[in-house]
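Tertiary structure, described
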Amino acid sequence: MEHKRYKQEINITESLMNRINELLSHYPADKKKSALLPVLHEVQDAHDNWLSYDLMDKVAEILEILPIEVYEVVTFYTMFNQKPIGKYMFEFCQTSCCCLNGAENLMDYTSEKLGIKMGETTADGMFTIAGVECLGACGYAPMMQLGDFYKEHLNEEKIDQLIEDCKANKIILHDK
Amino acid sequence: MSRKILLDKINVPGIKSYEVYRQNGGYASVEKALKTLTPDEVVEEVKKSGIRGRGGAGFPAGMKWSFIDKKSGKPRHLVCNADESEPGTFKDRYLMEYIPHLLIEGMIVSSFALGANLSYIYIRGEYMWVYKILERAINEAKAAGWLGKNILGTGYDLELHVHCGAGAYICGEETALIESLEGKRGNPRIKPPFPAVSGLWANPTVVNNVETISAVPWIVNNTGDEYAKIGVGRSTGTKLISASGHVKNQGVYEIELGLSVYEFMNSDEYLGGMSSNRPLKALVPGGSSVPILPADLIYKTANGEDRLMTYESLSDGGFATGSMLGSGGFIVYNDTACIVRNTWNFARFYHHESCGQCTPCREGTGWLEKVLHRIENGQGREEDIELLWSIQSKIEGNTICPLGDAASWPVAAAIRHFRDEFEYHVRFPEKIKNRDHFVAEPFSKVLMSKV
């Protein structure tokens with residue numbers, strides 16, 4: 001099986017390392033591995049929202065665990081991306097309640113507007129769109145996740161506006 | 001107006017902040033418990049309250065607490081399950097987002113009762129902004145002296161942290177949650193040993209839902225006996241219900257257990273009736289895993305009694321004619337909703353979320369999804385309905401954790417109550433070409449003219 005290794009520039013800055021150390025302090029000194037999920041979130045956020053094998057190896061080194069222990073976790077949880085994705089990832093909830101409120105039509109609309117299918121990224125690397133399972137916002141449907149935040153009660157006009165805001169660099173992705 | 005315990009102060013301006021929360025009586029239960037009660041007395045109050053786990057299973061919380069192993073001398077932990085992922089459920093998020101200190105207060109009192117000195121709130125990774133809200137609230141509580149060493153000079157120490165998941169429904173199962181908190185894949189553990197004996201890092205651990213823990217301050221302040229007076233029979237207290245689908249007022253409501261389903265659905269204080277004035281077709285009362293109820297079994301049970309919002313009444317009639325209160329994820333469907341499409345949607349969810357550990361679930365959920373997909377897309381075969389029945393019956397009860405059951409029940413219930421709709425899909429593939437087929441052609445009309 002071909003195993004594609006995407007290249008990624010790794011930069012564990014001082015502020016990122018400080019945050020990692022803060023997270024590590026939440027667990028007993030001999031249970032560093034427990035910090036794996038929170039640390040991966042931080043590291044991914046600081047690296048264009050995806051994790052290369054090189055970066056996963058770096059995380060393993062920091063937490064003093066084996067690389068395989070990081071790989072098996074990254075491949076299990078859907079929020080970790082294993083290849084480069086668009087700067088803005090629209091993750092549409094596609095589970096029952098959102099569909100009752102028109103999520104499928106909205107996904108089609110966005111797909112057509114950006115000229116890509118679900119799971120794809122635009123050529124300029126700006127947008128990725130995907131359908132994901134229940135995000136826990138059923139009463140505010142249809143909705144999507146964008147970075148650390150939810151965009152709820154969506155309609156076509158709001159999608160247009162969001163795309164404009166992304167292009168104008170007006171969207172905050174992470175709450176740091 | 002019905003009684004509010006969890007949301008009574010939700011509309012106080014600024015209740016999100018520590019100062020306002022404290023000015024409104026916040027953290028009083030910590031003072032009361034740590035200064036005037038022993039841990040066992042707190043457990044006793046929770047037992048008396050009769051509160052049942054609000055995550056979905058409905059196991060009595062006080063009894064769960066009393067199982068924790070105190071003899072081994074190992075460190076004990078309380079872990080709050082905030083991995084809310086059951087489709088239709090969004091109540092815990094509401095509590096944590098708008099009144100975060102209530103959960104923290106509950107965590108302190110509950111940890112004290114269990115003798116835990118290191119506790120965690122495990123929140124789903126998608127609720128990242130709520131994670132930050134909780135993190136800030138914990139820092140505020142710590143600065144005010146409610147967390148840390150020697151709290152209120154009583155000698156009790158507690159460290160509390162938030163931990164985030166990363167997108168896995170299965171981590172809402174308590175042993176999978178513990179695995180995930182240990183930095184591993186969310187594979188559920190075989191029980192026994194139960195977490196109360198060997199949980200987080202093999203230490204005695206209790207895992208409770210956000211809503212359960214958030215009710216503890218009220219119970220401590222007002223006594224378990226007072227709490228037990230609210231509600232009906234073994235369904236004591238209040239319950240948060242998150243309503244979605246085809247109703248006028250979607251959202252989160254706190255109800256007194258025992259309210260009738262009819263009133264909850266139709267009163268303006270609650271859901272305000274159906275949206276677009278279309279007729280009610282079906283109801284999933286407790287999150288996607290519980291059996292769907294057809295219109296004629298929603299307001300009345302099979303023996304003609306009023307259906308109430310209680311653990312007992314919603315499950316009256318067993319799976320033949322009843323359902324479950326579950327997590328309180330209340331999903332309402334009108335006549336334009338296609339039950340086959342909805343069942344396929346749920347099946348896809350469970351297939352995606354199966355951890356892959358047990359063969360019946362890993363393979364079976366995939367079969368369910370594929371067979372339902374082909375029926376919904378006009379390629380169904382007459383024998384597919386029996387096939388679905390056979391698959392679900394072989395998953396149920398044959399897996400380590402309840403995800404297998406959760407994947408089977410919605411399929412079984414849909415076939416049980418809406419079999420003719422499945423048959424319709426198989427027999428008239430040309431009528432279901434459009435994705436919105438039941439909007440274009442309300443099913444009831446075609447059904448009546450059965451060919």
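Just so we're clear, the structure is a prediction, and the values are computed from it rather than from any experiment.

The next point concerns the sheet that holds strand β5 (residues 205-209) of chain B. Residue and element names in this part refer to chain B. Spatially, the 5 strands line up as an open sheet ordered β3-β4-β2-β1-β5, and their pairing is mixed. Taken across any chain shown, the strands that pair with only one partner, and hence form the sheet edges, are β3 (148-151) and β5. Neighbouring strand axes in the sheet, compared pairwise and without regard to direction, differ in orientation by 25° on average. Against the sheet, helix α7 (residues 128-143) makes contact with β2 (118-123), β3 and β4 (156-164), and its axis sits at roughly 165° relative to β4, the strand it touches most.

Formed by 184 residues in total, the largest nonpolar core has its most connected members in L40(A), C93(A), M143(A), V79(B), C80(B) and I123(B). The element best represented in this core is helix α17 (residues 403-427) of chain B, accounting for 10 residues. Residues within four places of C93(A) in sequence aside, it is in contact with C98(A), A103(A), V132(A), C134(A), L135(A), A137(A), M143(A) and M144(A).

Turning next to the UniProt feature "binding site: [2Fe-2S] cluster" (unreviewed entry) in chain A. As annotated in UniProt, the feature "binding site: [2Fe-2S] cluster" (unreviewed entry) corresponds to C93(A), C98(A), C134(A) and C138(A) in the numbering used here. Maximum C-alpha separation among the annotated residues is 9.0 Å over a sequence range of 46 residues, consistent with a single clustered spot. Inspection of the secondary structure assignment puts C134(A) in the loop between β2 (127-132) and β3 (144-146). If sequence neighbours within four positions are ignored, C134(A) has contacts with C93(A), T95(A), S85(B), P87(B) and F349(B). Residue placement: C138(A) occurs in the loop between β2 and β3. In this structure, C138(A) is in contact with C97(A), C98(A), P87(B), G88(B), F90(B), S242(B) and S244(B), ignoring residues within four places of it in sequence.

Let us now look at the confidence of the model for chain B. Looking at chain B as a whole, the pLDDT averages 95, with 97% of positions reaching at least 70. What the predictor reports for the complex is a pTM of 0.96 with an ipTM of 0.96.

For the peptide bond that leads from A141(A) to P142(A), omega is -10°, which places it in the cis range. Here the bond from P192(B) into P193(B) is cis, since omega is 5°, no more than 30 degrees from zero. With respect to the element layout, P193(B) can be found in the loop between α8 (174-181) and β5. Even without glycine at this site, E64(A) takes up a positive phi of about 55°. Here E64(A) lies in the loop between α3 (53-63) and α4 (67-74).

About the cut-offs
- Residues numbered from 1 in each chain as written.
- Chains lettered and ligands numbered in written order.
- Predicted model: local features only at pLDDT ≥ 70, side-chain atom pairs only at ≥ 80, totals over all residues.
- Pairing = 2+ DSSP bridges.
- Helix = DSSP H or I, 4+ residues; strand = E, 2+ residues; numbered from the N terminus.
- Axes fitted to C-alpha atoms, helices over the stretch in contact; angles between N-to-C directions.
- Contact = placed C-beta atoms within 7 Å.
- Core = buried A, V, L, I, M, F, W, Y, C linked by C-beta atoms within 7 Å.
- Buried ≥ 20, exposed ≤ 12 C-beta atoms within 10 Å, placed from the backbone.
- UniProt positions renumbered as here; feature names shortened; annotations may be inferred.
- pLDDT = per-residue confidence, 0-100.

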